[in-house]
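Here is how the chains run, residue by residue.
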Amino acid sequence: MRKALKVLAPFIVAAAILFLFKGLVYSMYVLEGRGLQPEFMKGDRILVNRWSYGLRTGSEEGLFRYGRLLKSEVKRGDIIAVEDPHKSMKGMYVFRCKHIPGDTITYKGAKYVVPGLFCCANENYYWLEDLNPNDTIDSNLFGYVGESHIIGRVFMVLYNHNDSLPFYKGYDKDRLFLLK
């Protein structure tokens, strides 16, 4: 029995560290939409750094109040992963941060532009955009996004796989380990 524990213990510790690392530091997501093409493609497996803007604690609806440990600011132009701010659609979305708190914007035609009359945020709200004008689900549709909905900065495309093909086929060799 002791020999078995000596052999299994390193594997158990490694698995525990891996789960903690995945849950607290990096998370992998599969992209379903086409909003950031050609930079991101449907089927990309992206790695999101959950610590890039500080570790999220609590939530707006939960028992514990929302906050961030070791908080740092989202920068204009960052590509970020966001939870659906209005809970109308499930899942995670990827956007480019177009405007940060303190920016002003105005509405002209079908787009919002800077500078303007309308303050982007008094506190921790961001204006996010898709890059693909044909498949737009961004702040033009749902408005400002609160900091509490930001998961983290997209760090890397690990790989791309076409899920309609078997697991051993459908990999795109040109989309392996792309740093963002």
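As shown above, the structure is provided for reference.
The sections below set out a description of the structure shown in this document.

### Quick word on the overall build of the protein chain
Argument step 1. Counting its secondary structure elements, the protein chain contains two helices and 12 strands.
Argument step 2. Reading the secondary structure of the protein chain in the N-to-C direction produces α-β-β-β-β-β-β-β-β-β-α-β-β-β.
Argument step 3. For the protein chain, the residues scored as buried account for 36% of the 180 residues in total.
Argument step 4. Long-range pairs, those at least 24 residues apart, make up 51% of the contacts in the protein chain with a sequence separation of at least 6.

### What to know about a nonpolar patch on the surface
Argument step 1. Taken together, V7, L8, F11 and I12 make up a surface patch of nonpolar side chains, about 440 Å² in accessible area.
Argument step 2. For L8, the position within the fold is in helix α1 (residues 2–24).
Argument step 3. Overall, L8 belongs to the partly exposed group, its relative accessible area being 45%.

### Brief notes about the pattern of salt bridges
A side chain of one charge can pair with a side chain of the opposite charge when the charged atoms of the two come close.
Argument step 1. This model, assessed by the stated rule, comprises four salt bridges.
Argument step 2. In this structure, E39 engages R96 in a salt bridge whose closest nitrogen and oxygen atoms are separated by 2.9 Å. Of this pair, E39 sits in the loop between β1 (26–30) and β2 (44–49) while R96 sits in strand β6 (residues 92–99), placing them 57 residues apart in sequence.
Argument step 3. Residue E147 pairs with K71 through a salt bridge whose shortest N-O separation is 3.2 Å. Residue E147 is located in the loop between β10 (145–146) and β11 (150–160), and its partner K71 is located in the loop between β4 (67–69) and β5 (79–83); the two are separated by 76 residues in the primary sequence.

### Focus: unusual backbone geometry
Note on backbone geometry: most residues besides glycine have negative phi, and most peptide bonds are trans.
Argument step 1. Even without being a glycine, F177 presents a positive backbone phi close to 55°.
Argument step 2. Secondary-structure assignment places F177 in the loop between β11 and β12 (178–179).
Argument step 3. By relative accessible area, F177 is classed as exposed at 58%.

### Re the packing of aromatic side chains
Argument step 1. In this structure the tally under the stated criterion is three aromatic pairs.
Argument step 2. Relative to F155, the ring of Y26 has its centre 5.5 Å away and its plane inclined at 50°; by these criteria the two rings are tilted. Within this pair, whereas Y26 is found in strand β1, its partner F155 is found in strand β11, the two being separated by 129 residues in sequence.
Argument step 3. On the accessibility criterion, F155 (24% relative accessible area) is partly exposed.
Argument step 4. When the centroid spacing of 6.2 Å and the interplanar angle of 20° are considered together, the rings of Y93 and F95 count as stacked.
Argument step 5. A residue is classified by how much of its surface remains accessible, and Y93, at 18% relative accessible area, is buried.
Argument step 6. Judged by relative accessible area, F95 falls into the buried class, the value being 2%.

What counts, and at which threshold
- Residues numbered from 1 in each chain as written.
- Predicted model: local features only at pLDDT ≥ 70, side-chain atom pairs only at ≥ 80, totals over all residues.
- Heavy atoms only, no water.
- Helix = DSSP H or I, 4+ residues; strand = E, 2+ residues; numbered from the N terminus.
- Buried < 20%, exposed > 50% of the residue type's maximum accessible area, 1.4 Å probe, protein only.
- Contact = heavy atoms within 4.5 Å.
- Patch = residues over 30% accessible without salt bridge, like charges linked within 9 Å, V, L, I, M, F, W, Y side chains within 5 Å.
- Areas by Shrake-Rupley, 256 points an atom, 1.4 Å probe, with all protein chains shown as cover.
- Salt bridge = Lys/Arg side-chain N within 4 Å of Asp/Glu carboxyl O.
- Phe/Tyr/Trp six-rings, centres within 6.5 Å; stacked < 30°, edge-to-face > 60°.

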